[in-house]
Amino acid sequence: MTGKWIDISQPLHNGIAEWPGDTPFHYEVKFLKADTGSVNIGQMTTSMHTGTHIDAPFHYDNDGLKVDELPIDIYIGKARVIDVTGLESVGHSDLEQIDFGGAERILLKTLSRPDADVFPETYTFLRRDIGPLLKERGVRLLGIDTPSVDPELSKTLDAHHSLHDNGVLILENIVLASVEPGDYELIALPLPIKGGDGSPVRAVVRKWEG
Ligand SMILES: N[C@@H](CC(=O)c1ccccc1NC=O)C(=O)O
Ligand SMILES: [Zn+2]
Ligand SMILES: [Zn+2]
């Protein structure tokens, strides 16, 4: 018996918090069935970095890969959820003693972003020494339950670059409040947006039955 799928995505709705200054998420039914005679047709406006999403390296590197160029196998497979609650930041020294179990994907549970509708004043961020450790352990995807792997006011995006320089892709704004540490199967596929700097994803996990 395989476990139930758990949705770890932030529901997208008018009122979800965008990155400060960025495009707000908006969805509306633009054409009503009453008017078209046959169908309701919705329209959505969004930043690529609102809600649960992946960053394409092009987001922070003009020469980086775009969404449609990323390998999809990164976003499907075994992932280990690691509890890092209570830490102001996470780096090499916080993770070096932790067993990743050979997982190519790790999901960090910080619980530092309690409400998807409010952009947090502070949240747990990653330090620049994290990339080499993850590479050494064979990690290819880092997921986190915060709006960014870097602090809000960072202009140098040290954590984004440290991960990128070490071949680790990034998944942000996942919801891990009801997910216990352990091994899971993850699916978090980006949309094939040509030239995209990122993409919303529907992220789901279920307990790994290895
Ligand atoms: N790095 C964040 C987003 C980000 O930094 C951002 C998003 C929209 C508008 C401005 C942003 N950063 C500005 O310095 C992310 O990856 O989602
Ligand atoms: Zn992003
Ligand atoms: Zn990011």
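Refer to the structure printed above.
Now for a description of the structure that goes with this document. Residue positions are given per chain, counting from 1 as you read along its sequence in written order. By the order in which they are written, chains take letters starting at A while ligands take numbers starting at 1. Side-chain atom pairs in this predicted model are given and counted only at pLDDT of 80 or more, local residue features only at pLDDT of at least 70, and totals for whole chains, interfaces and linings cover all residues. Just so you know, side-chain values use all the structure's heavy atoms and leave hydrogens and water out.

**Remarks on the overall build of the protein chain**
Across its full length, the protein chain holds four helices and twelve strands. The C-alpha radius of gyration computed for the protein chain amounts to 17 Å, which stays within 12% of the reference 17 Å derived for 210 residues, consistent with globular compactness. Buried positions account for 44% of the 210 residues belonging to the protein chain. Working rule for contacts: check all heavy atoms of both residues, and any pair within 4.5 Å makes them a contact. Of the contacts made within the protein chain by residues no fewer than 6 positions apart, 73% connect residues no fewer than 24 positions apart. Computed over 19 positive and 33 negative side-chain charges, the inter-centroid distance for the protein chain is 6 Å. Going along the chain from the N terminus, every DSSP run of H or I of four or more residues is numbered as a helix, and every run of E of two or more is numbered as a strand. Throughout, radius of gyration means the C-alpha value; the globule benchmark is 2.2 Å times the number of residues raised to the power 0.38. Three labels apply to residues, based on accessible area from a 1.4 Å probe with only protein chains included: buried if under 20% of the type maximum, exposed if over 50%, partly exposed otherwise in between. The charge count treats Lys and Arg as positive and Asp and Glu as negative. His and the chain ends do not count. To locate a charge, take atom NZ for lysine, CZ for arginine, CG for aspartate or CD for glutamate.

**Section: the coordination of the zinc ion (ligand 3)**
The coordination sphere of the zinc ion (ligand 3), as far as protein atoms go, consists of Asp55 (OD), His160 (NE2), Glu172 (OE) and Glu172 (OE), spread over 1.9 to 2.5 Å. Read N to C, the donor residues that coordinate the zinc ion (ligand 3) are spaced as D-x104-H-x11-E. Distances decide who is a donor: an N, O or S atom must be within 2.8 Å of the metal, or within 3.2 Å for Na, K and Ca. Water is not included, so sites may look incomplete. If you look at the zinc ion (ligand 3) and the zinc ion (ligand 2), they sit 3.3 Å from each other and are both ligated by Asp55. Placement of Asp55 in strand S4 (residues 53–55) and of His160 in helix H4 (residues 158–165) is noted, with a sequence separation of 105 residues between them. Of the two residues examined, Asp55 and His160, each falls in the buried class.

**Considerations on the pattern of salt bridges**
The working definition used for a salt bridge is a side-chain nitrogen of Lys or Arg within 4 Å of a carboxyl oxygen of Asp or Glu. Summed over the entire model, instances satisfying the criterion amount to nine salt bridges. Measuring nitrogen to oxygen at the nearest pair gives 3.2 Å for the salt bridge that ties Glu104 to Arg140. Taken together, the positions of Glu104 in the loop between helix H2 (92–95) and strand S7 (105–109) and Arg140 in the loop between helix H3 (130–136) and strand S9 (141–144) put the pair 36 residues apart, joining distant regions of the chain. Given a relative accessible area of 24%, Arg140 falls into the partly exposed group. Bridged by salt links that share partners, the residues Asp73, Glu104, Arg105 and Arg140 form one connected network.

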